[in-house]
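# Analysis of the macromolecular model
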Amino acid sequence: MSEVVSYQLKGNIGVIVVNSPPVNALSQSVREGILNAVNQAQEDNSEVIVLRCDGRTFIAGADITEFGKPPRAPGLPEVLSAIENSSKPVIAAIHGTALGGGFEVSLACHYRCAIASAKVGLPEVKLGLLPGAGGTQRVPRLAGVKAALGMITGGNPIPAPKAKDMGLIDEVLTGEDVESSAIAYAQELHRTSAPLKRVRDITIDPDTVEAGFFDEARARLAKRARGQIAQDRIVSCLEAAVSLPIDEGLARERELFGELVTSPESAAMRHIFFAERQAAKIKGLPKGTATRDIKKVAIIGGGTMGGGIAMCFAGVGIPVVLVEVDDAALERGLGIIRKNYSITVQKGKLSEDKMERLISTISGTTNYDDIADVDLVIEAVFENLNLKKEIFAKLDSVCKAGAILATNTSYQDVDAIAAATGRPQDVVGMHFFSPANVMKLLEVVQGDRTADDALATAMAIGKKIGKVCALSGVCYGFIGNRMLGGYGREAQMLLLDGCTPTQVDSALEKFGMAMGPLAMGDLAGLDVGYKAREARTDLPDDPKLYRMGTLLVEMGRFGQKTGSGFYTYDPETRRRQSDPEIESLIKTEATKLGVERREVTEDEILARCFYPLINEGAKILEEGIAQRPSDIDVVYVFGYAFPVAKGGPMFYADQVGLKNVYDKICEFRDRYGEQYWRPAPLLEQLAKEGKTFAEWDRERSLA
Ligand code: 3HC
Ligand code: NAI
């Protein structure tokens, strides 16, 4: 028998067990093992066959590491055919998550049962793929076309009881022990002479699909797809499920899966899948570093960020104390939290009861003595170093020994903040992104003296509250905000050079950014950047620099909050409209500043905006601020809505070719000056060696 799949006859039940940690993915050896076990069971005295898994989950899908490599037999379709054509009923017994190819294995079985805590799903779309082993053909046969569309294009797992209601599984088992419960179910099916049910035998009545359903789905999905093609191909597969016999539908699915698996989008999304998991690992941290227990949390400052952060902890049942300067500020902070929850209730995504429970997890105080017993403090007061130092000194005097003291600062020096305490080993940065209860990224900032266990705890608690964590060293703006500087600067410079705001934003939105940088400036408030620039002494003395942003603020056009900025906004819909007045103002300013306006191509817009990001990313790697290039990609995809289908700025740079990026940066340096365009030595080195960031990282880890 195979090392990863065993087969045993238990009375009249043949039990196949997959045991391939960590998630029983369908590697070649798992596929071969299942095939052999099913064939063996045909020959023995078994009357029913149960297929289950050991470990934390049922099969979690195809082995993603095998994609892009030459296929090795047996292929998944061959395994599924053997199951489906078995002369004895095969029952999939599910625990954990049956995902992707794993759920498709179960769909080829004659019956599916699951313990109540199990989930099933087809998450392929999140990897830029479609279910390639019958999911698009079998799910609509069981659950209907509409439900299949939602499930496959959304990619989210479905709890077993709901899956039963949808017709996707046959039985929710009462016990928690999957094998004994499944055997009992198998005996019951045998006793009642249950038939060999094959999903393939179901036909879909075309009349159950409304006219125009697929066209409408395509149009709707294209809007949110942001340059991804998988959604569109999923619709094609579902159309095939309705209009073609199953074998032709399966062939169509296979063909479209083949197209997607070799697409640049899927390569980028698979990169992000592994990058996300890699980012959670801290290099050099001793294995098994213990984490501290976090049972109660305090948040200092209940403003925009503090409130959202409090909601993150309440969401996982950890009590939170919000500390504010006075009662009025506290009332305001708690009021905003309540309002945010109420909006979710109004949208039908949260019950009133649950809302009250969440709110009751968050208490408020204006007295620091009340937080003496908390295990973690996250400071989120105004972005002012002296104020933050003052607060950390106070925390040092009131908090219990061993409490982790974290700051949510965007730019300030975490080491200087730590030095205001007598316990710098307990101080760490936990930089959330706005809105904190929604955005997935958490930059964990390691100070010079942060203790290993404090760092490990910050990463672990971040994961617990559902964040994707990436480690950053201390520098101005950490990984994300530091890289962003040149992006916003060039977006404004491009206006003087010949673009309209719409041209700049549209080029970046076409690339896949959720919102272009100028529209984003309008949303965040142009006054915020203006004030931040006023406080800086390191900016080049150049009248062109941020000229339009500055002028707009001086005109009182702060962005959406004043109804106009780079664009004007419809007060009702908040939809942006281009403003001819601004377009002519840009021209006047360019003339005043002696800039000769010209046609700017979309390619130049992308290069001007993204290459500064990449160049700064290279500097960040050289300095050891980020652990790896893929961590930077994680920061940008989860914190700045960089399109996942492009894999993050460093992955994108590798695809463009570092020599091309470097040459362009040199060209821009010669045209616009060294103060803005100085190639990072690492970028120059890799461009000359013909290497990618990924190759450099791999060689470095092997050295
Ligand atoms: N292939 C290869 N490795 C996988 C994998 C897969 N399908 N799924 C998870 N892993 C690896 C992870 O990279 C990680 O490796 P590491 O420890 O070296 O970092 C390890 O397994 C554990 O994964 P997680 O940290 O994600 O573990 P969790 O317990 O948090 O989550 C999970 C488990 C929910 C199963 C999650 O891993 C997951 O969502 N996996 C991906 C599922 C998926 O996308 N399946 C579809 C694949 S495509 C497909 O099936 C095509 C088919 O239609 C033909
Ligand atoms: P905010 O102005 O909305 O809220 C700050 C709150 O702190 C106010 O409610 C204020 O009353 C309170 N406060 C001030 N002094 C205090 C004290 N001594 N004790 C208790 N509370 C006090 O600010 P915002 O936007 O929430 O920012 C907070 C921090 O988060 C800043 O360091 C900022 O750089 C950082 N940050 C902000 C992001 C954003 O998009 N707004 C994103 C990520 C980080």
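So, how was this worked out
Residues numbered from 1 in each chain as written. Chains lettered and ligands numbered in written order. Predicted model: local features only at pLDDT ≥ 70, side-chain atom pairs only at ≥ 80, totals over all residues. Heavy atoms only, no water. Buried < 20%, exposed > 50% of the residue type's maximum accessible area, 1.4 Å probe, protein only. Helix = DSSP H or I, 4+ residues; strand = E, 2+ residues; numbered from the N terminus. Pairing = 2+ DSSP bridges. Right-handed = clockwise from strand over helix to strand, strands pointing away. Near = heavy atom within 4 Å. Polar contact = N/O pair within 3.5 Å; in protein donor to acceptor, adjacent residues only side chain to side chain. Areas by Shrake-Rupley, 256 points an atom, 1.4 Å probe, with all protein chains shown as cover. Nonpolar A, V, L, I, M, F, W, Y, C, P; charged D, E, K, R; others polar. Axes fitted to C-alpha atoms, helices over the stretch in contact; angles between N-to-C directions. Contact = heavy atoms within 4.5 Å. Phe/Tyr/Trp six-rings, centres within 6.5 Å; stacked < 30°, edge-to-face > 60°. Lys NZ or Arg CZ within 6 Å of the ring centre and 35° of its normal. Domains from an automatic or database assignment. Core = buried A, V, L, I, M, F, W, Y, C linked by side-chain atoms within 4.5 Å.

Moving on, we come to the pairing of strand 3 (residues 48-53). Most of strand 3 sits inside the fold, with 6 of its 6 residues counted as buried. Alignment of strand 2 (residues 13-18) against strand 3, held across 6 bridges, turns out to be parallel. Note on strand 3: the bridge partner recorded for G14 is I49. Running through helix 1 (residues 28-43), the crossover from strand 2 to the neighbouring parallel element strand 3 is right-handed. Across 3 bridges, strand 3 lies against strand 4 (residues 90-94) in parallel orientation. Directly across from I49, in strand 4, lies its bridge partner V90.

On to the site of ligand 1. R56, E104, E124, R277 and K281 are the nearest of the 22 residues found near ligand 1. Within the backbone of I64, a nitrogen or oxygen atom sits 2.9 Å from a nitrogen atom of ligand 1. Within the backbone of G101, one N or O atom sits 2.8 Å away from an oxygen atom of ligand 1. Protein chains bury 75% of the 990 Å² of accessible surface belonging to ligand 1 in isolation. Secondary structure elements with two or more residues in the shell around ligand 1: helix 3 (101-108) and helix 11 (264-279). Counting residues per element, the shell around ligand 1 draws most heavily on helix 11, which supplies 3 residues. Partitioned by chemical class, the residues of the shell around ligand 1 number 12 nonpolar, 4 polar and 6 charged.

Reading across the sheet, the 6 strands line up as 1-2-3-4-6-9 and stay open at both edges, with mixed pairing between neighbours. Two strands lie at the open edges of the sheet, namely strand 1 (5-10) and strand 9 (171-173), each paired on one side alone. Strand-to-strand, the axes of this sheet are offset by a mean angle of 25°, without reference to chain direction. With 6 bridges joining them, strand 1 and strand 2 adopt antiparallel strand pairing. Paired with V5 across the bridge in strand 2 is V18. Packed on one face of the sheet, helix 1 meets strand 1, strand 2 and strand 3 and runs near 20° to strand 1.

To continue, consider the site of ligand 2. Taken together, 23 residues surround ligand 2, and among them M305, E324, E383, K388 and S410 come closest. Separating an oxygen atom of ligand 2 from a side-chain N or O atom of S410 is a distance of 2.8 Å. Elements represented by at least two residues in the shell around ligand 2 include exactly helix 12 (304-315), helix 15 (385-398) and strand 15 (427-432). Broken down by element, the shell around ligand 2 gets its largest block of residues, 3 residues, from helix 15. Per-class residue counts for the shell around ligand 2 are 11 nonpolar, 8 polar and 4 charged.

Take the packing of aromatic side chains next. Evaluation of the coordinates by the stated rule reveals 15 aromatic pairs. Aromatic side chains F213 and F214 sit 5.3 Å apart centroid to centroid with 80° between the ring planes, which places their arrangement in the edge-to-face category. Both residues of the pair, F213 and F214, belong to the buried class. Consider the rings of Y567 and Y569, whose centres lie 6.5 Å apart with planes at 75°: the pair is edge-to-face. Three or more aromatic residues joined by ring pairs make a cluster, and in this case those are Y487, F511, F610, F642 and Y652. If you follow R608 out to its NZ or CZ, it ends over the ring of F668, 5.9 Å from the centre. The ring of F511 carries K646 above its face, with NZ or CZ at 4.6 Å from the centroid.

The strand order across the open sheet formed by 8 strands is 12-11-10-13-14-15-16-17, and the pairing between neighbours is mixed. Since the sheet does not close on itself, it has two edges, and those belong to strand 12 (362-365) and strand 17 (468-472), each with one partner. In this sheet, adjacent strand axes meet at a mean angle of 25° when their direction is disregarded. Pairing analysis gives 4 bridges linking strand 15 to strand 16 (residues 441-445), with the strands arranged antiparallel. Bridge pairing links F432 to L442 in strand 16. Its contacts with the sheet place helix 13 (residues 327-346) against strand 11 (320-323) and strand 12, and it is angled at close to 165° to strand 12. Of the strands in this sheet, strand 16 and strand 17 are in contact with helix 25 (residues 629-639), which crosses strand 16 at around 135°.

Size of an interface, as often reported, equals the accessible area lost when the parts are brought together. Domain assignment breaks the protein into domain 1 (5-261), domain 2 (297-472), domain 3 (480-592) and domain 4 (603-702). Centre-to-centre separation of domain 1 and domain 4, based on C-alpha positions: 40 Å.

In globular proteins that are soluble, nonpolar side chains generally tend to be buried together. In terms of nonpolar packing, the biggest core is built from 88 residues, with I34, I83, I91, F103 and V139 touching the most fellow members. The biggest single contributor to this core is helix 9 (residues 230-243), with 7 residues. Excluding residues that lie within four positions of it along the chain, F103 makes contacts with A98, R112, V120, G121, L122, V139, M151 and L168. Ranked by size, the runner-up nonpolar core spans 80 residues in total, among them I582, I625, I632 and Y636.

Our next topic: the environment of R31. Looking at the secondary structure, you find R31 in helix 1. For R31, a relative accessible area of 8% gives the class buried. When the C-alpha atoms of R31 and R72 are compared, they prove to be 9.9 Å apart, with 41 residues separating the residues in sequence. In this view, R31 contacts L26, E66, R72, P74, G75, L76 and V79; residues no more than four positions away in its chain are not counted. Engagement of the side chain of R31 in a polar contact is seen with the side chain of E66, the distance being 3.0 Å.

Before going further, it helps to examine the side chain of K388. Tracing the sequence through the fold places K388 in helix 15. The exposure class of K388 is buried, given its relative accessible area of 1%. Ignoring anything within four residues of it in the chain, the contact list for K388 reads E379, V381, F382, E383, T407, T409, Q412 and I417.

What you see with strand 13 (residues 376-379) is no split at all: L376 and I378 on one side and V377 and E379 on the other are buried throughout. In this sheet, strand 13 lies alongside strand 10 (residues 297-300) in parallel orientation, the contact comprising 4 bridges. Bridge pairing links V297 to L376 in strand 13. The sheet contact formed by strand 13 and strand 14 (residues 404-407) spans 4 bridges and is parallel. Each residue of the ladder has a partner; that of V377, found in strand 14, is L405. Crossover strand 13 to strand 14 through helix 15 is right-handed.

The element helix 25 is extensively covered by neighbouring structure, given that 11 of its 11 residues are classed as buried. Among the residues of helix 25, P629, S630, D631, I632, D633, V634, V635, Y636, V637, F638 and G639 are the ones counted as buried. Following helix 25 by one or two positions, A641 adopts a phi angle in the positive range, close to 55°.

The subject of this paragraph is the environment of V17. By the secondary structure assignment, V17 is in strand 2. The class of V17 is buried, set by a relative accessible area of 9%. Put simply, V17 and S6 are 11 residues apart on the chain and 5.2 Å apart in space, counted from C-alpha to C-alpha. In this structure V17 touches V4, V5, S6, R52, C53, D54 and E179, once residues within four positions along its chain are discounted.

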